[in-house]
Amino acid sequence: MAGTELTNVRSPRVKAARRLTKRAFREQDRRFLAEGPQAVREALKLDGVTLELFATAEAELRHPELVTAATLQGVPVHRASGEVMSELSQTVTPQGLVAVCRLVHVPLGDALPAEPRLVALLAHVRDPGNAGTVMRAADAAGADAVVFTDASVDPYNGKCVRASAGSLFHLPVVVGAPVAQAVGLLRERGMRVLAADGAGKHTLDDVDLSGPTAWIFGNEAWGLPEEVLGQADDVVRVPIYGQAESLNLATAAAVCLYSSARAQRVP
């Protein structure tokens, strides 16, 4: 790693990166921060996405392969002091690696293949940890895309990026799509649109999930508004067999996505 250690938290380079913790500046600069070795590793797998890498001396020793990969791609690598890393990090215990990345989302029309099989649509989802975990579950279930509607959290929120565990870089992500526009295009591509809601008349046990399916997931506290439920082909709930009052959003989404993925793969 070339150059001297960055120790001044007020240096222009550190301030330029630090501002990306705010959504308005992420949108203005078209950049975001990816923190931790897993996120950095996945970001480096995509050409031209990683713009800068900040690493503490300790992190450089723990993850030399990431520093090498960045260097081979021509990505500037800056050794950062613990104080600087704490300024850039959005976690209580920084892992010593933060990458500045280009935004990676794509337009709705480009995100969907001609014949998609499984899509997750997040409508009015506000909790970044839940949203990131849904991205991770969708990725693991083999989904074709994840769509964040215009009323949902920013997927480039630091907590959301961390919760996705690198999945933000694995599958097409759409940002800011109106629900009606997204649902319309999903139907045009031959998908059945199901809303996941605890008040659904049918359960996962009642519906055929073997065909192309798009799942709409809603707000953690109050679910999906009536106008969104009305746009779905059906409203489906996850059955509760025990005494739990409900499942949280990320868990329910994982169950729904995997139920569809399994149904589509069973002969």
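Residues numbered from 1 in each chain as written. Predicted model: local features only at pLDDT ≥ 70, side-chain atom pairs only at ≥ 80, totals over all residues. Heavy atoms only, no water.

Asker: Just checking my understanding: could you explain the overall build of the protein chain for this structure?
Answerer: Scanning the protein chain from terminus to terminus reveals 12 helices and 11 strands. Relative to the compact-globule value of 18 Å for 267 residues, the protein chain shows a C-alpha radius of gyration of 20 Å, a close match. Counting only C-alpha atoms, the protein chain reaches 60 × 40 × 35 Å along its principal axes. The burial tally for the protein chain puts 52% of its 267 residues in the buried class. Long-range pairs, those at least 24 residues apart, make up 80% of the contacts in the protein chain between residues at least 6 apart in sequence. Accessible surface for the protein chain amounts to roughly 12,400 Å². Of this, 50% is attributable to carbon and sulfur atoms. Charge-centre separation for the protein chain: the mean point of 27 positive side chains lies 5 Å from the mean point of 30 negative side chains. (Helix = DSSP H or I, 4+ residues; strand = E, 2+ residues; numbered from the N terminus. Rg over C-alpha atoms; globule rule 2.2 N^0.38 Å. Buried < 20%, exposed > 50% of the residue type's maximum accessible area, 1.4 Å probe, protein only. Contact = heavy atoms within 4.5 Å. Areas by Shrake-Rupley, 256 points an atom, 1.4 Å probe, with all protein chains shown as cover. Lys, Arg positive; Asp, Glu negative; His and termini not counted. Charge placed at Lys NZ, Arg CZ, Asp CG, Glu CD.)

Asker: So what exactly am I meant to see when it comes to the layout of surface pockets here?
Answerer: By rolling a water-sized probe across the atoms, one finds the places where empty space is left. When its volume is computed, the largest pocket comes out at roughly 460 Å³. In terms of lining residues, the largest pocket is bounded by 22 residues, among which Asp197, Gly198, Ser246, Leu247 and Ala252 are the most central. Of all the elements in the fold, those that place two or more residues in the lining of the largest pocket are β11 (234-237) and α12 (249-265). Partitioned by chemical class, the residues of the lining of the largest pocket number 12 nonpolar, 6 polar and 4 charged. (1 Å grid on protein atoms, 1.4 Å probe; cavity = no way out; pocket = protein on both sides within 12 Å on 5 of 7 lines; lining within 4 Å. Points joined across faces, edges and corners; volume = space filled by probe spheres on them. Nonpolar A, V, L, I, M, F, W, Y, C, P; charged D, E, K, R; others polar.)

Asker: What should I look at first to understand α12 in this one?
Answerer: Every α-helical turn comprises 3.6 residues, leaving residues that sit three or four positions apart pointing alike. Counted at 1.5 Å a residue, the expected span for α12 with its 17 residues is 24 Å, and the 24 Å between its end C-alpha atoms agrees. Among all positions of α12, only Leu249, Ala250, Ala252, Ala253, Cys256, Leu257, Ser260, Ala261 and Gln264 are buried. One side of α12 carries all its buried residues, which in axial view fall inside an arc of 165°. Exposed positions of α12 whose direction lies more than 90 degrees from the buried face are Arg262 and Arg265. Structurally, α12 contributes buried residues whose contacts are with β5 (118-122), α8 (128-140), β8 (192-196) and β10 (213-217). (Expected span 1.5 Å × (residues − 1). Arc of directions from axis to C-beta.)

Asker: What should I look at first to understand the pattern of salt bridges in this one?
Answerer: Side chains that differ in sign of charge can pair as their charged atoms come close. Within the structure shown, the criterion is met by 13 salt bridges. Of the charged contacts, one joins Arg18 and Glu87 as a salt bridge, the two residues approaching to 4.0 Å between their closest N and O atoms. Remark: Glu87 occurs in helix α6 (residues 82-88) and Arg18 occurs in helix α1 (residues 12-18); sequence separation between them is 69 residues. Arg18 gets classed as partly exposed once you look at its relative accessible area, which sits at 32%. For Arg23, the salt bridge goes to Glu27, with nearest N and O atoms at 3.1 Å. Taken together, the positions of Arg23 and Glu27, both in helix α2 (residues 23-29) and 4 residues apart, correspond to about one turn of that helix. Assessed through its relative accessible area of 35%, Arg23 is described here as partly exposed. Its relative accessible area of 44% is what places Glu27 among the partly exposed residues. Residues participating in the shared-partner salt-bridge network are Arg23, Arg26, Glu27 and Asp154. (Salt bridge = Lys/Arg side-chain N within 4 Å of Asp/Glu carboxyl O.)

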